[in-house]
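Residues per chain are reported as follows:
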Amino acid sequence: MKKALFIDRDGTLIREPADEQIDSFEKLSFVPGVFAALSLIRQNTDYEFVLVSNQDGLGTPSFPEDTFWPVHRFVLNTLASEGITFDAEHIDRHFPADNAPTRKPGTAMLTDYMNGEYDLAASYVIGDRDTDVQLAKNLGCRALKLSDEMTWQRIAEIVIAGERSATVSRTTRETDICVKIYLDNPEIVSISTGLGFFNHMLEQIAYHGGIGLKVKVKGDLNVDEHHTIEDTALVLGECLRKALGNKLGLQRYGFSLPMDDCLCSVSLDMGGRPWLVWEADFQREHIGDMPTEMFFHFFKSLSDAAAMNLNIKAEGKNEHHKIEGIFKAFARALRMALRRDLMRMSTPSSKGTI
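### Here's the deal with the pairing of strand E16 (residues 309–315)
Only one face of E16 is buried: it carries Leu-310, Ile-312 and Ala-314, and the other face, with Asn-309, Asn-311, Lys-313 and Glu-315, is open. The pairing of strand E13 (residues 275–279) with E16 spans 5 bridges and is parallel. The residue of E16 that forms the bridge with Trp-275 is Asn-309.

### A short note on helix H4 (residues 152–161)
Most of H4 sits out of view: 7 of its 10 residues are buried. Residues of H4 that are buried sit in contact with strand E1 (4–7), helix H1 (34–44), strand E4 (124–127) and strand E5 (142–145). Backbone geometry just after H4 places Gly-162 at a positive phi near 95°.

### Let's talk about the pairing of strand E8 (residues 189–192)
Where E8 lies against strand E9 (residues 212–219), 4 bridges are found, and the strand directions are parallel. Looking at E9, one finds that Ser-192 is bridged to Lys-216.

### Points about the sheet that holds E5
Read across the sheet, 5 strands follow the order E3-E2-E1-E4-E5 without closing on themselves; strand pairing throughout is parallel. The sheet terminates laterally at strand E3 (88–91) and E5, the two strands that pair on one side only. In this sheet, neighbouring strand axes are inclined to one another by 20° on average, regardless of whether the strands run parallel or antiparallel. Where E4 lies against E5, 4 bridges are found, and the strand directions are parallel. By the bridge assignment, Tyr-124 is partnered in E5 with Arg-142.

### Quick word on the pattern of salt bridges
One pass over the structure, following the stated rule, counts 20 salt bridges. The salt bridge involving Lys-104 is made with Asp-8; its shortest N-O contact spans 2.9 Å. Of this pair, Lys-104 sits in the loop between E3 and E4 while Asp-8 sits in the loop between E1 and H1, and the two are 96 residues apart along the sequence. Looking at Lys-104, the relative accessible area reads 8%, which means it is buried. Judged by relative accessible area, which is 4%, Asp-8 ranks as buried. Two residues, Glu-319 and Lys-322, come together in a salt bridge whose shortest N-O distance is 3.1 Å. Of the two residues, Glu-319 and Lys-322 are both situated in helix H8 (residues 319–338); the distance of 3 residues between them amounts to about one turn of the helix. Judged by relative accessible area, which is 7%, Glu-319 ranks as buried.

### Focus: the nonpolar core
Formed by 57 residues in total, the largest nonpolar core has its most connected members in Phe-298, Phe-299, Ile-326 and Phe-330. Of the residues forming this core, the biggest block, 9 residues, is contributed by H8. Residue contacts for Ile-326: discarding those within four places in its chain leaves Cys-264, Val-266, Trp-278, Ala-280, Phe-282, Phe-299, Ile-312 and Ala-314. Counting residues in each nonpolar core, the second largest holds 33 residues, with Ile-7, Ile-14, Leu-38 and Tyr-124 among its members.

### What to know about unusual backbone geometry
Going from Lys-104 to Pro-105, the amide bond is cis rather than trans, its omega being 10°. Even without a glycine there, the phi angle at Arg-252 is positive, about 80°. Tracing the backbone through its elements, the reader meets Arg-252 in the loop between helix H6 (226–244) and strand E10 (253–255). Residue Arg-252 is classed as buried on the basis of its relative accessible area of 8%. Even without glycine at this site, Ala-307 takes up a positive phi of about 55°. Its place among the elements puts Ala-307 in the loop between helix H7 (293–306) and E16.

### With respect to the environment of Tyr-113
Here Tyr-113 lies in the loop between E3 and E4. In this structure the C-alpha to C-alpha distance between Tyr-113 and Lys-3, which are 110 residues apart in sequence, comes to 9.3 Å. Excluding residues within four positions of it along the chain, Tyr-113 makes contact with Phe-6, Glu-48, Val-50, Ala-88, His-90, Tyr-118 and Leu-120. Within the structure, the side chain of Tyr-113 is placed 3.2 Å from the side chain of His-90, a separation counted as a polar contact.

### Things to note about the sheet that holds E9
Pairing within the open sheet is mixed, and its 4 strands lie in the order E6-E7-E9-E8. Edge positions in the sheet fall to strand E6 (165–171) and E8, since each of these pairs with one other strand and no more. Neighbour-to-neighbour, the strand axes of this sheet turn through a mean angle of 5°, independent of strand direction. Here E6 runs beside strand E7 (residues 175–182); their pairing, made up of 7 bridges, is antiparallel.

Cut-offs and rules
- Residues numbered from 1 in each chain as written.
- Predicted model: local features only at pLDDT ≥ 70, side-chain atom pairs only at ≥ 80, totals over all residues.
- Heavy atoms only, no water.
- Buried < 20%, exposed > 50% of the residue type's maximum accessible area, 1.4 Å probe, protein only.
- Helix = DSSP H or I, 4+ residues; strand = E, 2+ residues; numbered from the N terminus.
- Pairing = 2+ DSSP bridges.
- Contact = heavy atoms within 4.5 Å.
- Axes fitted to C-alpha atoms, helices over the stretch in contact; angles between N-to-C directions.
- Salt bridge = Lys/Arg side-chain N within 4 Å of Asp/Glu carboxyl O.
- Core = buried A, V, L, I, M, F, W, Y, C linked by side-chain atoms within 4.5 Å.
- Polar contact = N/O pair within 3.5 Å; in protein donor to acceptor, adjacent residues only side chain to side chain.

Here you go:
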């Protein structure tokens, strides 16, 4: 079956100025990374490129034809000069107040793609607005919403190499845990463990790691915090290992971070061999509601379950800064290691397996 990328124009291919009126060539500029990303997608996939826009040109539905079309064609011709051509164009000409079914997120312009010839579940809507996300839902597609984190480079990785996500649940007499990881969608973050400081540390992994993370934990906190923290690390590690899949193109290694008075160093290798070197001492018994003795247990369980080699060192006087620095440094190292090299989609090992 055919697959399509339904791509918005203003704000996605070309930058949209503050007044949302691209009413002159002086205001026209392309979104960073769009040429390289779409060229890679065009060269490495069989997706059809379909332009879908609510704006008949330059940000205003009433803009004169003789001004709109030369600029619109300039955009498409410039892209075409780099081998980026569109298989179809669908541009709505109504005012926003018209609420016409052809306006996104309405699907009236795209009925030809809903006749069974296209695998819409494997297709994407790429845009910069919530209406683009809703259009994807209405079509039965997946959505990729451009943002500071969801860059064109990241979009190319997802479209070419696939999305990396996983869900792992684990229930024992002591804990009931569900972890969901979205390695390529940092927009999704929801953490609930019953421990405020632990929630804060896991949020650092998501934010500074540039990943989406959902963690829902119900633990026997009436006993103590040990089972909740250790079991969460085990499930998180297993979920991370599962989401990585075949690891093709994986950068594999990561390292980093000073935080005020503290110097924290985290090096890691996602090569499949678990190991932990831990050089961090804490004088306080608790930080927030988290026992400091559990920091080692968390990273030991995580490295075992994720099959990663972790080397963690921290020095400093402020205990809060020290552990937060460790979590942030781990997240930044993880972010580096999770990157994929689209120009070298091979196993990141001279052995040929990992």
